[in-house]
Amino acid sequence: MTFLLSVMMFFMAQVYAQKESKTLVAYFSATGNTRTAAKEIAKQKKAVLWEIEPSEHYTAEDLNWRNKQSRSSKEMSDAEARPSIKQCTNIMPYDTIYVGFPIWWGICPRIINSWIDNNLEQLESKTLIPFATSGSSGIDGAVNYLKKTYPTLTWQKGILKK
């Protein structure tokens with residue numbers, strides 16, 4: 001009976017910790033790599049997971065960086081591009097937010113700008129930790145870009161997931 005009670009208490013504590021999490025992992029994933037990294041971080045940090053989704057999903061053709069007319073190429077060549085995103089989650093309850101994305105052209109995809117711009121006022125009171133996936137690029141360029149573009153936000157050192 002004591003063992004059963006201990007097991008029940010353990011699982012109740014896990015559920016409570018997830019409900020009371022003050023950490024959010026918000027991510028954009030075009031091919032699934034960043035989603036995998038986001039799930040790993042959320043599990044490690046006992047954080048809530050939220051996907052930043054484009055209103056129109058990216059196709060393989062959209063992601064063809066060799067084609068200067070592809071959707072991703074056009075967005076990345078326009079610093080003011082802000083792709084439309086689906087509804088955002090309420091970020092007010094969170095103190096720390098991991099912001100995940102694949103590295104595109106050495107920085108974050110413009111959809112991350114869309115999400116930040118939509119939540120800018122609320123993000124000013126948060127600690128932001130960028131994380132990125134890339135097969136060949138580092139994260140420093142993306143972190144520097146975010147700090148320069150959003151100087152009023154509190155950015156921590158970035159995490160690169162290969």
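In the block above lies the structure referred to throughout.
These numbers were taken from a predicted model, which means no experiment stands behind them.

To continue, consider the overall build of the protein. Looking only at helices and strands, one finds five helices and six strands in the protein. Along the protein, from the amino end to the carboxyl end, the secondary structure elements read α-β-α-β-α-β-α-β-α-β-β. Per-residue burial for the protein yields a buried fraction of 43% across its 162 residues. Residue pairs at least 24 apart in sequence account for 77% of intrachain contacts in the protein once pairs closer than 6 positions are excluded. For the protein, the exposed surface amounts to about 9500 Å²; the carbon and sulfur share of it is 53%.

Further remarks concern the packing of aromatic side chains. Applying the stated rule across the entire model yields four aromatic pairs. On the basis of an interplanar angle of 65° and a centroid distance of 5.6 Å, the ring pair of phenylalanine 28 and tyrosine 58 is categorised as edge-to-face. Residue phenylalanine 28 is found in the loop between strand E1 (23-27) and helix H2 (33-45), and its partner tyrosine 58 is found in the loop between strand E2 (48-51) and helix H3 (71-77); the two are separated by 30 residues along the sequence. A single burial state applies to phenylalanine 28 and to tyrosine 58, both of which are buried. Between tyrosine 58 and tryptophan 104, the aromatic rings sit 5.5 Å apart at their centres with planes inclined by 85°, giving edge-to-face as the arrangement. Separated by 46 residues along the polypeptide, tyrosine 58 in the loop between E2 and H3 and tryptophan 104 in the loop between strand E3 (96-102) and helix H4 (110-123) bring together distant segments of the chain. Pair check on accessibility: tyrosine 58 and tryptophan 104 agree, each one buried.

Mapped onto the secondary structure, lysine 126 falls in the loop between H4 and strand E4 (127-133). Judged by its relative accessible area of 5%, lysine 126 falls in the buried class. Expressed as a C-alpha distance, the spacing of lysine 126 and tryptophan 155, which sit 29 residues apart in the sequence, is 8.9 Å. What lysine 126 contacts, discounting residues up to four positions off in sequence, is Ile91, Met92, Tyr94, Asp95, Ile97 and Thr154. For lysine 126, the side chain forms a polar contact with the main-chain oxygen of isoleucine 91, separated by 3.3 Å. A distance of 2.6 Å separates the side chain of lysine 126 from the backbone oxygen of tyrosine 94, its partner in a polar contact.

Conventions adopted
- Residues numbered from 1 in each chain as written.
- Predicted model: local features only at pLDDT ≥ 70, side-chain atom pairs only at ≥ 80, totals over all residues.
- Heavy atoms only, no water.
- Helix = DSSP H or I, 4+ residues; strand = E, 2+ residues; numbered from the N terminus.
- Buried < 20%, exposed > 50% of the residue type's maximum accessible area, 1.4 Å probe, protein only.
- Contact = heavy atoms within 4.5 Å.
- Areas by Shrake-Rupley, 256 points an atom, 1.4 Å probe, with all protein chains shown as cover.
- Phe/Tyr/Trp six-rings, centres within 6.5 Å; stacked < 30°, edge-to-face > 60°.
- Polar contact = N/O pair within 3.5 Å; in protein donor to acceptor, adjacent residues only side chain to side chain.

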